[in-house]
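# Topology and contacts: notes
Take a look at the letters that make up each chain.
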Amino acid sequence: MAVKTVWTVEHACGDSVEHDLSARPADQRAGYARWLAGRSCKDCWLAERKEDPASREAWIAERRAEEQQAATDWAQKFSMPPLDGPPKAISWGERCRYQLVTGAYRVLVQEGGLAEDAWQDIEQQVRVTDRASWWIDQRDAAPADLPELLAAAADARTTENPF
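The present account deals with the structure reproduced in this document. These numbers were taken from a predicted model, which means no experiment stands behind them. (Residues numbered from 1 in each chain as written. Predicted model: local features only at pLDDT ≥ 70, side-chain atom pairs only at ≥ 80, totals over all residues. Heavy atoms only, no water.)

### So, the pattern of salt bridges
Formally: Any Lys or Arg side-chain nitrogen found within 4 Å of a carboxyl oxygen on Asp or Glu counts as a salt bridge. Helix and strand assignments come from DSSP, with helices taken as H or I runs of at least 4 residues and strands as E runs of at least 2, each series counted from the N terminus. Exposure is judged per residue with a 1.4 Å probe applied to protein chains only, and the accessible area is read against the type maximum: over 50% gives exposed, under 20% gives buried, and values in between give partly exposed.
Following the criterion strictly, the structure yields five salt bridges and no others. Residue Glu-67 is joined to Arg-63 by a salt bridge in which the shortest nitrogen-to-oxygen separation is 3.6 Å. In this pair, Glu-67 and Arg-63 are both assigned in helix 3 (residues 53-77), four residues apart and thus about one turn of the helix distant. We classify Glu-67 as buried; its relative accessible area is 19%. With its nearest N and O atoms 3.7 Å apart, the salt bridge here joins Glu-67 to Arg-95.

This is the structure in structure tokens:
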């Protein structure tokens, strides 16, 4: 007997919708139908997004401003140098640097038992890593990986290739 291709899904919004899942492999259809059940149906999802986009955009802008202020305050407190790059990348990079470094401090020093003098070495590496794009690229990295990432960045800076 073939695995069914049309699934009736009871969505989180309460609507019941038939979905043609024939484009998915047979062994992935049940899982995808379960995933769909945890979300609003397409019509409700679109209606939720159309309700008040201005207030959502205002909320996002307010949240970004709070994050930016926290990153700026932190950079001043710990004498972090400004980042290099385009203005939009600089503000994003500052937020990424703040989140990654403060997360690493929490994981490595406060929870992990790393000595403060060892942290000072890591903090010095943070200061010399001044490309906003590098911090943006590391935004999804685990905080505990920061020392290894900084070491790799330092190796990349010291490599001199005449070509």
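### Description of the packing of aromatic side chains
The following threshold applies: Ring pairs shown here join Phe, Tyr and Trp side chains whose ring centres sit within 6.5 Å, with only the six-membered ring taken for Trp; geometry is labelled stacked below 30 degrees between planes, edge-to-face above 60, and tilted in between.
Enumeration over the complete set of coordinates arrives at five aromatic pairs. With a centroid separation of 5.9 Å and an interplanar angle of 65°, the aromatic rings of Trp-74 and Tyr-98 are classed as edge-to-face. Taken together, the residues span a long stretch of sequence, with Trp-74 in helix 3 and Tyr-98 in helix 4 (residues 87-110) at a distance of 24 residues. Among the residues examined, Trp-74 registers a relative accessible area of 10% and is labelled buried. The partly exposed category is assigned to Tyr-98, whose relative accessible area is 24%.

### Remarks on the environment of Asp-20
Note the cut-off: In what follows, residue pairs with any heavy atoms lying within 4.5 Å of each other are defined as contacts. Polar contacts here mean pairs of N or O atoms no more than 3.5 Å apart (in protein, one a potential hydrogen donor and the other a potential acceptor; neighbouring residues in sequence count only if both atoms are side-chain atoms).
Looking at the element boundaries, Asp-20 is found in strand 2 (residues 16-20). Here Asp-20 falls in the exposed class, since its relative accessible area comes to 54%. Excluding its chain neighbours within four sequence positions, the residues that come into contact with Asp-20 are Thr-5 and Val-6. Here Ser-22 takes part through its side chain, which lies 2.9 Å from a polar atom of the side chain of Asp-20.

### What to know about helix 4
Note the threshold: Helix span is expected to be 1.5 Å times the residue number reduced by one.
Taking 1.5 Å of rise per residue, the 24 residues of helix 4 would be expected to cover 34 Å, and the 33 Å separating its terminal C-alpha atoms lies within 8% of that figure. Considered for burial, the residues of helix 4 that qualify are Ala-89, Gly-93, Glu-94, Arg-95, Cys-96, Arg-97, Leu-100, Val-101, Gly-103, Ala-104, Leu-108 and Val-109.

### Observations concerning the nonpolar core
For the record, the criterion: We call a set of buried residues a nonpolar core when its members are Ala, Val, Leu, Ile, Met, Phe, Trp, Tyr or Cys and they connect through side-chain atoms within 4.5 Å of each other.
Of all hydrophobic cores here, the largest spans 21 residues; its most connected members are Val-101, Trp-119, Ile-122, Val-126, Trp-135, Leu-146 and Leu-150. Of all the secondary structure elements, the ones that give two or more residues to this core are helix 3, helix 4, helix 5 (116-128), helix 6 (132-137) and helix 7 (146-158). The element best represented in this core is helix 4, accounting for seven residues. Setting aside chain neighbours within four positions, we find Leu-150 in contact with Ile-122, Gln-125, Val-126, Thr-129, Trp-134 and Trp-135.

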